[in-house]
Amino acid sequence: MSVWDTTLFTRWGSVMGNLHHLTQSYQPEDPKLIRADWAPLELKNPHLHTGDYALLLGKLRTLEQQLMDLPRKDDGYGLIHYDFHPYNCLIDQGELNIFDFDDAIRGWYALDIGVAAAHAVWWGAHDPKWGTKDEFAKTFLTAFLEGYVKQQPIAQEWIARIPLFMEYRNISSFFWWLKDWNGDEGSLSEHQKGAISAAINLIQNDLPFEGCRFKL
């Protein structure tokens, strides 16, 4: 992963900042093409409303309530990719080419940054040179925001909320994995079992999820 460094993180931030800048002036001619606004997840799977899964769901609902209370003004809210992680872009001669816009919504620009940061921590914080996951998250976001602000301004109040958006992405991802789950824990992968167990432990001890303990 020789390209996985602060130069890439800064370029990643620049591409997202430019994307957000461009979307501010974009108005679809057909109203049917306007993307939906962010909203709490609809979870109809009954297996996710019992036992430890209900504990996870309670955490999700708490975070969603915090998001619902946030302002939705044009300077901080608009069309976002909502899934801009390393598997949804290709690097070609130093340029990032983004794809998979299926999940695009109208949401907070800082939420898009939080999604990218959460995936960056999952995917690339394992090399000892980065230190702890929190240290990597700080390194990543410092470089990322350096590129972002060259394309699109972002207020300090939104930068301070990025850890909240990272934590939301972490917990909401469990329910993306489990949305069609049949209730049989034997059908879960070892990775899923481990991640769920770790998440429950954090909730029971009133701790934030990995990569979200730091202050920006």
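Because the structure is a prediction, the values reported are computed rather than measured. (Residues numbered from 1 in each chain as written. Predicted model: local features only at pLDDT ≥ 70, side-chain atom pairs only at ≥ 80, totals over all residues. Heavy atoms only, no water.)

(A) Seen up close, the overall build of the protein chain. Check the secondary structure of the protein chain and you find seven helices and four strands. Counting from the amino terminus, helix and strand elements in the protein chain follow one another as α-α-β-β-β-β-α-α-α-α-α. The C-alpha atoms of the protein chain give a radius of gyration of 18 Å, which matches the 17 Å a tight globule of 216 residues would have. With respect to the principal axes defined by its C-alpha atoms, the protein chain has extents near 50 × 45 × 30 Å. Counting across all 216 residues of the protein chain, residues that qualify as buried make up 47%. Sequence-distant contacts, at least 24 apart, represent 78% of the contacts inside the protein chain between residues at least 6 apart. A total accessible area of about 11500 Å² is found for the protein chain, and carbon and sulfur atoms account for 52% of it. Both charge centroids of the protein chain, one from 19 positive and one from 29 negative side chains, sit 3 Å from each other. (Helix = DSSP H or I, 4+ residues; strand = E, 2+ residues; numbered from the N terminus. Rg over C-alpha atoms; globule rule 2.2 N^0.38 Å. Buried < 20%, exposed > 50% of the residue type's maximum accessible area, 1.4 Å probe, protein only. Contact = heavy atoms within 4.5 Å. Areas by Shrake-Rupley, 256 points an atom, 1.4 Å probe, with all protein chains shown as cover. Lys, Arg positive; Asp, Glu negative; His and termini not counted. Charge placed at Lys NZ, Arg CZ, Asp CG, Glu CD.)

(B) Up close: the packing of helix H6 (residues 162–178) against helix H7 (residues 190–204). It is at 11 Å that the axes of H6 and H7 come closest, and there the two elements cross at 145 degrees. Seen from above, H6 lies across H7 with left-handed handedness. Within the contact between the two elements, H6 uses Phe174, Trp177 and Leu178 and H7 uses His191, Gln192, Ala195, Ile196 and Ala199. Each residue belonging to the contact of H6 with H7 can be placed in one class, and the counts come to six nonpolar, two polar and no charged. (Axes fitted to C-alpha atoms, helices over the stretch in contact; angles between N-to-C directions. Left-handed = near helix turned anticlockwise from the far one by under 90°. Nonpolar A, V, L, I, M, F, W, Y, C, P; charged D, E, K, R; others polar.)

(C) Region of interest: H7. Spanning 15 residues, H7 covers 21 Å between terminal C-alpha atoms, matching the ideal 21 Å at 1.5 Å per step. Buried within H7 are the following residues: Gln192, Ala195, Ile196, Ala199, Ile200, Leu202 and Ile203. Taken down its axis, H7 places every buried residue within 160 degrees of arc, on the same side. Residues of H7 that are exposed and point more than 90 degrees away from the buried face comprise Glu190 and Gln204. If you follow the buried residues of H7, they end up packed against helix H2 (51–68) and H6. After H7 finishes, the residue aspartate 206 shows a positive phi value of roughly 55 degrees. (Expected span 1.5 Å × (residues − 1). Arc of directions from axis to C-beta.)

(D) Just empty space enclosed by the protein, in detail. Considering all chains together, one arrives at one cavity of 30 Å³ or more under this definition. Volume-wise, the largest cavity comes out at about 30 Å³. For the lining of the largest cavity, the residue count by class is six nonpolar, one polar and one charged. (1 Å grid on protein atoms, 1.4 Å probe; cavity = no way out; pocket = protein on both sides within 12 Å on 5 of 7 lines; lining within 4 Å. Points joined across faces, edges and corners; volume = space filled by probe spheres on them.)

(E) Structural view of the packing of aromatic side chains. Within this structure, the stated rule accounts for 19 aromatic pairs. Between phenylalanine 9 and tryptophan 130, the ring centres sit 5.8 Å apart and the planes meet at 45 degrees, which makes this aromatic pair tilted. With phenylalanine 9 in helix H1 (residues 6–23) and tryptophan 130 in the loop between helix H3 (109–124) and helix H4 (133–148), this pair connects stretches of sequence that are 121 residues apart. Each member of the pair, phenylalanine 9 as well as tryptophan 130, is classed as buried. (Phe/Tyr/Trp six-rings, centres within 6.5 Å; stacked < 30°, edge-to-face > 60°.)

(F) Representation of H1 within the structure. End to end, H1 covers 26 Å across 18 residues, agreeing with the expected 26 Å (1.5 Å per residue, within 8%). Against the buried residues of H1 lie strand E1 (77–80), strand E2 (89–92), strand E3 (95–98), H3 and H4.

(G) Seen up close, the side chain of glutamate 64. Tracing the backbone shows glutamate 64 in helix H2. Residue glutamate 64 is classed as buried on the basis of its relative accessible area of 2%. At 2.6 Å, the side chain of glutamate 64 and the side chain of arginine 61 are in polar contact. Those residues in contact with glutamate 64 that lie beyond four places of it in its chain are Trp38, Pro40, Leu41 and Tyr168. (Polar contact = N/O pair within 3.5 Å; in protein donor to acceptor, adjacent residues only side chain to side chain.)

(H) Region of the structure containing the environment of glycine 76. Tracing the sequence through the fold places glycine 76 in the loop between H2 and E1. Residue glycine 76 is classed as buried on the basis of its relative accessible area, which comes to 4%. Sequence spacing of glycine 76 and glutamate 157 is 81 residues, and the spatial spacing of their C-alpha atoms is 9.9 Å. Contacts of glycine 76, omitting those with residues within four sequence positions, involve Gly107, Trp108, Tyr109 and Trp158.

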